[in-house]
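# An overview of the molecular structure
These are the residues of each chain, in order.
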Amino acid sequence: DTGVSQDPRHKITKRGQNVTFRCDPISEHNRLYWYRQTLGQGPEFLTYFQNEAQLEKSRLLSDRFSAERPKGSFSTLEIQRTEQGDSAMYLCASSGSGVISNQPQHFGDGTRLSIL
Amino acid sequence: DQQVKQNSPSLSVQEGRISILNCDYTNSMFDYFLWYKKYPAEGPTFLISISSIKDKNEDGRFTVFLNKSAKHLSLHIVPSQPGDSAVYFCAATGNTPLVFGKGTRLSVIA
């Protein structure tokens, strides 16, 4: 399968702990996106990378969140000092280069984070 | 302030009939619109898209219509099949990251 892969699928942790998620995009895609989805809402943009450069960050991305894509391939999203409100599905997507508008994003199956 | 709105949380349609899912947007800078389908426990799957220079795009049973003056688009599925039962998200972009609606849950009844 050559789709977007996310790990882990589920993460349960206590409030205050740090968590890290991994995303492996489609291999030929150089853009990688992170979204968050809560119950009853559509995915909300968090941040995106073109190759290893982080080009945009949403206001939703507080200073407890950090994302990296060190070699322009896989990406990690870390949440420090987790809070109840961080409970959500974290989705990763990737797309090809060119005008963003013409590049459909392909999503992974997400990491569901539950904060106890 | 929701820039992309899907005002119908749910829709039920009989198998074989047409399903029409609607989406409204407010940002005039959006120039590309997409529909995604989502099954439980899976990520959204890209379905069909349309550029703002077109008013219709068709792919098999799926057709998307765009009315720029009304800032409205719709997804038509005909004929509807039980396997089409899922949550459908409308998304829009203007060379920016995607902005999604809240989704419409489609149930196709056999």
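Residues numbered from 1 in each chain as written. Chains lettered and ligands numbered in written order. Predicted model: local features only at pLDDT ≥ 70, side-chain atom pairs only at ≥ 80, totals over all residues. Heavy atoms only, no water.

### Considering the state of the cysteines
Residues and elements named next belong to chain A. Going by this rule: By convention in this document, the label disulfide applies to cysteine sulfur atom pairs within 2.5 Å. Under the DSSP-based scheme used, a helix requires at least four consecutive residues in state H or I and a strand at least two consecutive residues in state E, with every element numbered from the N terminus.
This structure, assessed with the given rule, holds two disulfides over all chains. Disulfide pairing is shown between Cys 23 and Cys 92; the S-S distance is 1.8 Å. Where Cys 23 bonds to Cys 92 through sulfur, the torsion about that S-S bond is close to -70 degrees, and the disulfide is left-handed. Pair noted here: Cys 23 is in strand E3 (residues 19–24) and Cys 92 is in strand E9 (residues 88–95), with a separation of 69 residues, a long-range link.

### Points about the side chain of Lys38(B)
Let me state the cut-off plainly: Partly exposed describes any residue whose relative accessible area lies between the buried limit of under 20% and the exposed limit of over 50%, with all areas from a 1.4 Å probe on protein chains only and scaled to the type maximum. For the purpose of charge, His is not counted, nor are the chain termini; Lys and Arg are scored as positive and Asp and Glu as negative. A side-chain nitrogen of Lys or Arg and a carboxyl oxygen of Asp or Glu constitute a salt bridge if their distance falls within 4 Å. The term polar contact refers here to a pair of N or O atoms within 3.5 Å; inside protein, the definition further demands a hydrogen-donor-capable atom paired with an acceptor-capable atom, and it admits residues adjacent in sequence only when both atoms are side-chain atoms. Should any heavy atoms of two residues lie within 4.5 Å, those residues are considered in contact.
Position of Lys38(B) relative to the elements: it lies in strand E4 (residues 32–38). Although Lys38(B) is buried, it forms no salt bridge, and the closest oppositely charged side chain is Asp109(A) at an N-O distance of 7.8 Å. From its side chain, Lys38(B) meets the backbone oxygen of Glu42(B) in a polar contact 2.9 Å long. Once residues within four sequence positions are removed from consideration, Lys38(B) is found in contact with Gln37(A), Gly43(B), Pro44(B), Ala86(B), Val87(B) and Phe89(B).

### Thoughts on the pairing of strand E5 (residues 45–51) of chain B
Residues and elements named next belong to chain B. The criterion, for reference: Pairing between two strands requires that DSSP report at least two bridges joining them.
Direction of pairing for E4 relative to E5: antiparallel, over a ladder of six bridges. Within E5, the position partnered with Leu 34 by the bridge is Ser 49. The antiparallel hairpin formed by E4 and E5 contains six residues in its connecting segment, where Ala 41 sits at a positive phi of about 65 degrees.

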